[in-house]
Amino acid sequence: MTRFEANGRAVEVAVEPRMTLADCLRDVLRLTGTHIGCEHGVCGACTVLVDGEAVRACLMLAVQAEGRRVTTVEGLSHDDTLTPLQQAFRKHHALQCGFCTPGMITTAHALLSEEPDCDADRVREVLSGNICRCTGYIPIIEAVLEARSAYRGDGRAGDDGERR
Amino acid sequence: MRNTFIGAAIERREDLRFLRGRGQYVGDLAPNGLLHAVVLRSAAAHGRIRAIDAAAALKIPGVHAVITAKDMPGGPPIIPMRLQPLPAFKPFEQPVIAADKVRYVGEPLALVLADSAAIGEDALEAIAVDIEALPAVTDRAGAQNGGSLLFEAAGSNIALEFRATRGDAAAAFAGAAYRRRERLKVQRHFGLTLEPRGVLAEWDAAQGRLRVFGAAKVPFFNRRILAAQIGLPEDAIDMVENDVGGGFGARGEFYPEDFLIPFAARQVGRPVKWIEDRRENLMAMNHARDAEADIEIACAADGTILGLRGETFADMGAYMRTNGAVGARNVAQFMSGPYRIPAIDIAATLVMTNKTPVGTYRGPGRFETDFFRERLFDMVANELGIDRVEFRRRNLVAEREMPYALATITPYEHKDELDSGDYRITLARCLAEFGWTEKAKLQGVLIDGRYHGLALGCFIEGGGAGPKESARVALEPDGAIAVYLGSSAVGQGVETVFAQIAADALELPIERIRAVFHGSTGYVSDGYGAYHSRSVVMGGSALLDAAEKFRAALRAAAAQRLGCDARAVAIGEDNVAGPDGRALPLTDFAGLSAEGAFHNKKHTYTYGAHAAHVTVDPKTGHVAIVDYVAVEDVGRIINPMTLNGQVIGSLVQGLGGAFLEHLVYDENGQLLTGSLMDYRLPTASDFPNLRSIVLDMKPSPINPLGAKGAGEGGIIPAGGVIANAVANSLTAFGAEPRELPLSPPRVWALLEEARMGNANGE
């Protein structure tokens, strides 16, 4: 049995040692917001937060999540409203087909949680590990830059279950 | 018809689910009793199948079945062509699974059904395949010499020759003061979608019904193919469109797996799901581009173009797939682009090779042919000593010449014409926004170790393929409206854009358009899908018709109850009223529904211009984009936000084709770029300086919305404009790029060759 926390909930899963965290989240826990785009760590669609850090769920085994705190895009969402980061994505048309979006949101959330004052070059550098085929990236960068203010001071925007 | 929401930058309704991880893509579905399918693909590029032995695989616990061609009585079905289904292509069409021969690395040999994809992948390694290797044909020369034939019965590796003709080319060239001939090449790359392909099929034996999830692009057409192949009436098959992670022309065509998965589900009586992995995707999804040109232009001394002639070649890969001929055809027909070229004679030869079959990729044939044409134009303007802007401006088709006949394609006898527009508007706007005059002094100049280069190009973008599209409008019990479309969503924002059109057509607030259903075969009687930038043009016009019919039906129903003439009924947002002021609530008419259609065989032509400013590092061959301006006129803008998104997204894909993306094969037909580490895609840090300007100056006269296609304009001119900018930065060396992609090694090699050539010349 592997025990970890998924989006604030304690879970216990019986998985083969070879199962990736991405497959475990999607197929076992049915958290299908985490998308699989390449399974070799290039595209970033499967990015989740493990103890607050952006991690490619296709490059981590489920058993390695033992005792960790895993947050997926579902865990960054509220039922009725969009978070400031999500609102900025919508406002800037930073998504089209939506397939890369969960990985972009989790990666940007991890970045802004650590570096709410990052500049455009830093945003581009960090998000260059996530592939988007639809938007050309420019609106994604604009959205992340706009969302910075929500991560400064007390206005912590995303809710990954952690208050730093 | 109001004009309240059309033209407004409305935020997308799709975003609410996508941003919260609540989209539902085909891979997210997991019905009870699901089996996972995995495809065994050929590791050989060309060979004869001697044996496939799955005995060991079947012994693995969790493996339920292994399906091969032998399980298909009468042999595996053949996938017919959807577009340009000419008799000459028949011998080259693809069976759904290899039976006697394999013709490319990645061709399906067997399908494993297992409790999980992981067990299925274990089983792949336990299947023994015996293939007698044959020499692989990997390039045009190998295809043309016919030493190794892919299809012995066809007797040749040449599938067809298209010819695009207009006027008398021989006469135009005979009398011309100036001619130039060039050989140019665009590399194989493709419309990689971030979501790999996937199919899930459920067979209901009791009802005799098949449900196929993961449909995209052209579900109605694919249903016709599947029904014929699998022996079911069309109405016994439901094609269900889920959220779709990108289309770009490549997803949603009928692929081998679109038969294999439903066939397997029917065989085993359980739901079967197949999700492509990225390695398969790179070798199994339609490849594209891969074209060469050997063309010659004739001009008068003042730069007026008199004629264009020559040969082009397109590498089809191993089979003619559903839309495989489109790119080659377009290369020939659209080489003239937005320019007045009175005499044209271009041949397009389609050659078969042992590589993944090709299909369309956003701007099919147009990206390639714009690179050929615009590259040639810059060389001509330079040689004639005419300003490159003036050369283009002088030769653009003028508004008074519309409609303007394009070259005719044979076989097919397809005639086409430019519908409308003033091409000088977008050129002038592009130059002004770009600041061409001020930047011109940078042309070819070395600053801080980098050479600066500027270029521009003009383009057309065809859209609105017919023959028809359908739409339906229905009133729900609470007074909300549901819209049903024959158009498909591939991530472009169909639900939002069509809600805007519906709200204005029905004269209702947009919130009342509760849902826009699209893509699945159950929604309208007949649908034609999403390709050739047709959704807004065709589906939008069909929706106007449906809305008009809905309002007429509502008036008629109200008139009956109000005892008045239908023409006297006034439709409000919440009720309908007669001339005497008596009103009935709209909800009284819940269930009312009307289907509309739009028929059209002509094409719309969006047009525009791009300009680029690049710098080149001569030591590394690295090219940086300092500024890039894209301007296009789409006739009528429904949503400027999603339109700009299409332009920039499309442009970055074009820059991927100009600089990075390349499907490379070795001489044995092995794909060398089978991962995203090797097949380089643009990332967030590559192209930050791009600008899009969208206009609605000249509505199309051939549809009631006045709309023209959008979404492909960004990609079409990108290769030509970038290559010209690189060439212009390197005028000091006389380096002329004639082949894409302009990766750093190629630019560096180009410079080295030019340096050596210059040294030898001195």
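Basis of the calculations
Along each chain, numbering runs from 1 in the same order as the chain's sequence is written. Naming scheme: in the order in which they are written, chains are lettered from A and ligands are numbered from 1. It should be noted that, the model being predicted, local features are given only for residues of pLDDT at least 70 and side-chain atom pairs only at 80 or more, the latter also being counted only at that level, while totals for whole chains, interfaces and linings use all residues. Starting at the N terminus, helices and strands are each numbered in turn, a helix being any DSSP run of H or I of at least four residues and a strand any DSSP run of E of at least two. When we talk radius of gyration, it's over C-alpha atoms, and the globule rule is simply 2.2 Å times the number of residues to the 0.38. Labels follow a simple rule on C-beta atoms placed from the backbone: if 20 or more others lie within 10 Å of a residue's own, it is buried; if 12 or fewer, it is exposed; otherwise it is partly exposed. Working definition of a contact: two residues with C-beta atoms, positioned from the backbone, lying within 7 Å. Take the buried Ala, Val, Leu, Ile, Met, Phe, Trp, Tyr and Cys residues, join any whose C-beta atoms are within 7 Å, and the set you get is a nonpolar core. Residue type decides the class: Asp, Glu, Lys and Arg count as charged, Ala, Val, Leu, Ile, Met, Phe, Trp, Tyr, Cys and Pro as nonpolar, and the leftover types, Gly among them, as polar. Domain limits in this description derive from either an automatic procedure or a database domain assignment. Pairing between strands is defined by DSSP: at least two bridges between the two strands are required. Angles run from 0 to 180 degrees between N-to-C directions of axes, and those axes are lines fitted to C-alpha atoms, restricted for helices to the stretch in contact. Roughly parallel means an angle under 35 degrees; roughly antiparallel means over 145; roughly perpendicular covers 65 to 115; every other angle is labelled oblique. Handedness of each helix crossing follows the sense of rotation of the near helix against the far helix: counterclockwise by less than a right angle gives left-handed, clockwise gives right-handed. A residue's pLDDT is the predictor's confidence in that residue, given on a scale from 0 to 100. Here, expected helix span is obtained from the residue count minus one, scaled by 1.5 Å. Working note: the arc is built from the helix axis to C-beta atom directions.

Along its length, chain B carries 18 helices and 30 strands. Against the 2.2 N^0.38 benchmark of 27 Å for 762 residues, chain B shows a C-alpha radius of gyration of 27 Å, consistent with a compact globule. Looking at the 762 residues of chain B, the share that counts as buried comes to 57%. Restricting the contact set of chain B to residue pairs at least 6 apart, pairs at least 24 apart contribute 81%.

Assigned secondary structure in chain A consists of 5 helices and 5 strands. Moving toward the C terminus, one meets the helices and strands of chain A in the order β-β-α-β-β-β-α-α-α-α. On C-alpha atoms alone, chain A measures out to a radius of gyration of 15 Å, which is about the 15 Å that the 2.2 N^0.38 rule sets for 164 residues. Considered along the principal axes of its C-alpha atoms, chain A spans approximately 40 × 35 × 30 Å. In chain A, buried positions account for 57% of the 164 residues.

Another point: the nonpolar core. Residue and element names in this part refer to chain B. Membership of the largest hydrophobic core comes to 289 residues, with the highest contact counts inside it found for Val-112, Val-483, Ala-502, Leu-543, Ile-722 and Val-726. Top contributing element to this core by residue count: helix H15 (residues 535-562), with 12 residues. In this structure, Val-483 is in contact with Ala-471, Val-473, Phe-498, Ala-502, Ile-513, Val-516, Phe-517 and Leu-543, ignoring residues within four places of it in sequence.

Think of interface size as the accessible area that goes away when the parts come together; that is how it is often given. In this complex, chain A contributes 43 residues to the contact, which on the side of chain B involves 43 residues. Listing elements by their share of the side of chain A that touches chain B, those giving two or more residues are helix H2 (84-91), helix H3 (101-114), helix H4 (120-127) and helix H5 (138-147) of chain A. When its residues are assigned to classes, the side of chain A that touches chain B shows 21 nonpolar, 14 polar and 8 charged.

Residues and elements named next belong to chain B. Each assigned domain of chain B is listed here: domain 1 (31-134 + 196-245 + 251-284), domain 2 (138-188 + 286-364 + 371-408), domain 3 (419-461 + 606-762) and domain 4 (465-599). One C-alpha centre belongs to domain 1, the other to domain 2; they are set 35 Å apart. Contact residues are listed per partner, giving 22 residues for domain 1 and 24 residues for domain 2. Its residues assigned to classes, the side of domain 1 that touches domain 2 comprises 14 nonpolar, 4 polar and 4 charged.

Another point: unusual backbone geometry. Omega for the bond connecting Met402(B) with Pro403(B) falls within 30 degrees of zero, at -10 degrees, which places this linkage in the cis form. With respect to the secondary-structure elements, Pro403(B) resides in the loop between helix H11 (388-395) and strand S16 (404-405). The omega angle of the peptide bond from Thr410(B) to Pro411(B) is -10 degrees, so this bond is cis rather than trans. Position of Pro411(B) relative to the elements: it lies in the loop between strand S17 (408-410) and strand S18 (417-418). Located in the positive-phi region is Tyr137(A), a residue other than glycine, with phi close to 75 degrees. Note that Tyr137(A) resides in the loop between H4 and H5. Positive phi values are uncommon outside glycine, yet Gln84(B) reaches one of about 50 degrees. Note on placement: Gln84(B) falls in the loop between strand S3 (63-67) and strand S4 (101-102).

Backbone hydrogen bonds are what pair the strands of a sheet, in a parallel or an antiparallel way. All names here are of chain B. Here we have 4 strands laid out as an open sheet, ordered S23-S22-S21-S27, and mixed in their pairing. Two strands bound the open sheet, and with one partner strand each, they are strand S23 (513-518) and strand S27 (593-599). The sheet shows a mean angle of 15 degrees between the axes of neighbouring strands, direction not considered. As paired elements, strand S22 (residues 481-485) and S23 share 5 bridges and run parallel to each other. Looking at S23, one finds that Ala-482 is bridged to Ala-515. Running over the sheet, helix H14 (residues 494-506) touches strand S21 (468-475), S22 and S23 and is turned about 125 degrees from S23. H15 contacts S21, S22 and S27 of the sheet and is inclined by roughly 140 degrees relative to S27.

All names here are of chain B. One way to put it is that helix H6 (residues 219-230) packs onto helix H7 (residues 256-268) with a least axis distance of 10 Å and a crossing angle of 50 degrees. Taken as axis vectors, H6 and H7 run oblique relative to one another. For the pair H6 and H7, the crossing hand works out as right-handed. Contact with H6, carried on its side by Asn-222, Leu-226, Gln-229 and Ile-230, involves Asp-258, Phe-259, Pro-262 and Phe-263 of H7 and no other residues of that element. Split by residue class, the contact of H6 with H7 holds 5 nonpolar, 2 polar and 1 charged.

Before going further, it helps to spend a moment on the domain arrangement of chain A. Residues and elements named next belong to chain A. According to the domain assignment, chain A consists of domain 1 (2-75) and domain 2 (84-151). In this complex, domain 1 contributes 16 residues to the contact, which on the side of domain 2 involves 12 residues. If you list the elements that add at least two residues to the side of domain 1 that touches domain 2, you get strand S3 (47-50) and strand S4 (53-56). Examining the composition of the side of domain 1 that touches domain 2, we find that 3 residues originate from one element, S3, more than from any other. Tallied by class, the residues present in the side of domain 1 that touches domain 2 amount to 8 nonpolar, 7 polar and 1 charged.

All names here are of chain B. The element S3 is largely enclosed, with a buried count of 4 among its 5 residues. Bridging between S3 and strand S5 (residues 108-114) involves 4 bridges; their strand directions are antiparallel. By the bridge assignment, Val-63 is partnered in S5 with Ala-114.

The next thing to look at is the pairing of S21(B). Residue and element names in this part refer to chain B. With 6 of 8 residues buried, S21 lies mostly within the body of the structure. Here S21 pairs with S27 via 7 bridges, running antiparallel. Looking at S27, one finds that Ala-474 is bridged to Ser-593. What sits between S21 and S22 in their antiparallel hairpin is a turn of 5 residues, with Gly-479 showing a positive phi close to 90 degrees.

All names here are of chain B. Sheet architecture is open: 3 strands sit in the order S24-S25-S26, paired in antiparallel fashion. Each edge of the open sheet is held by one strand with a lone partner, namely strand S24 (570-571) and strand S26 (583-585). Sheet topology places strand S25 (residues 575-577) next to S26; 3 bridges connect them, and they run antiparallel. In the sheet register, Val-576 faces S26, and the bridge partner there is Leu-584.

Another aspect to go through is the environment of Ala43(B). With respect to the secondary-structure elements, Ala43(B) resides in the loop between strand S1 (35-41) and strand S2 (47-53). Ala43(B) sits 517 residues away from Gln560(B) along the chain, and the two C-alpha atoms are 70 Å apart.

Let us now look at the confidence of the model for chain B. When pLDDT is averaged along chain B, the result is 97; 100% of the residues meet or exceed 70. Predicted complex metrics record ipTM = 0.97 and pTM = 0.97.

Another point: helix H10 (residues 366-384) of chain B. Over its 19 residues, H10(B) runs 26 Å from end to end, which matches the ideal 27 Å to within 8%, given 1.5 Å per residue. Residue Gly385(B) follows H10(B) closely and has a positive phi angle near 70 degrees.

A word on the environment of Ala128(B). Structurally, Ala128(B) can be placed in strand S6 (residues 128-133). Measuring from C-alpha to C-alpha, the distance between Ala128(B) and Arg181(B) comes to 52 Å, with 53 residues separating the pair along the chain.

We now examine the packing of H3(A) against H4(A). Residues and elements named next belong to chain A. As a packed pair, H3 and H4 sit with axes 10 Å apart at the nearest point and diverge in direction by 135 degrees. With respect to H4, the element H3 is oriented oblique. Where H3 crosses over H4, the two elements pack in a sense that is right-handed. Side by side, H3 and H4 meet where Met-104, Thr-107, Ala-108 and Leu-111 of the first sit next to Val-123, Val-126 and Leu-127 of the second.

Residues and elements named next belong to chain B. Inspection of the secondary structure assignment puts Ala-177 in the loop between helix H5 (169-174) and strand S8 (178-189). For Ala-177, a count of 12 C-beta atoms within 10 Å gives the class exposed. Through-space distance from the C-alpha of Ala-177 to that of Val-483 is 59 Å; in sequence the pair is 306 residues apart.

A word on H2(A). Spacing of three or four residues puts side chains on the same side of an α-helix, whose turn is 3.6 residues. All names here are of chain A. Buried residues of H2: Leu-85, Gln-86, Ala-88 and Phe-89, and no others. The buried residues of H2 all sit within an arc of 160 degrees when viewed along its axis, so they share a single face. In this structure, the buried side of H2 is in contact with H3 and H5.

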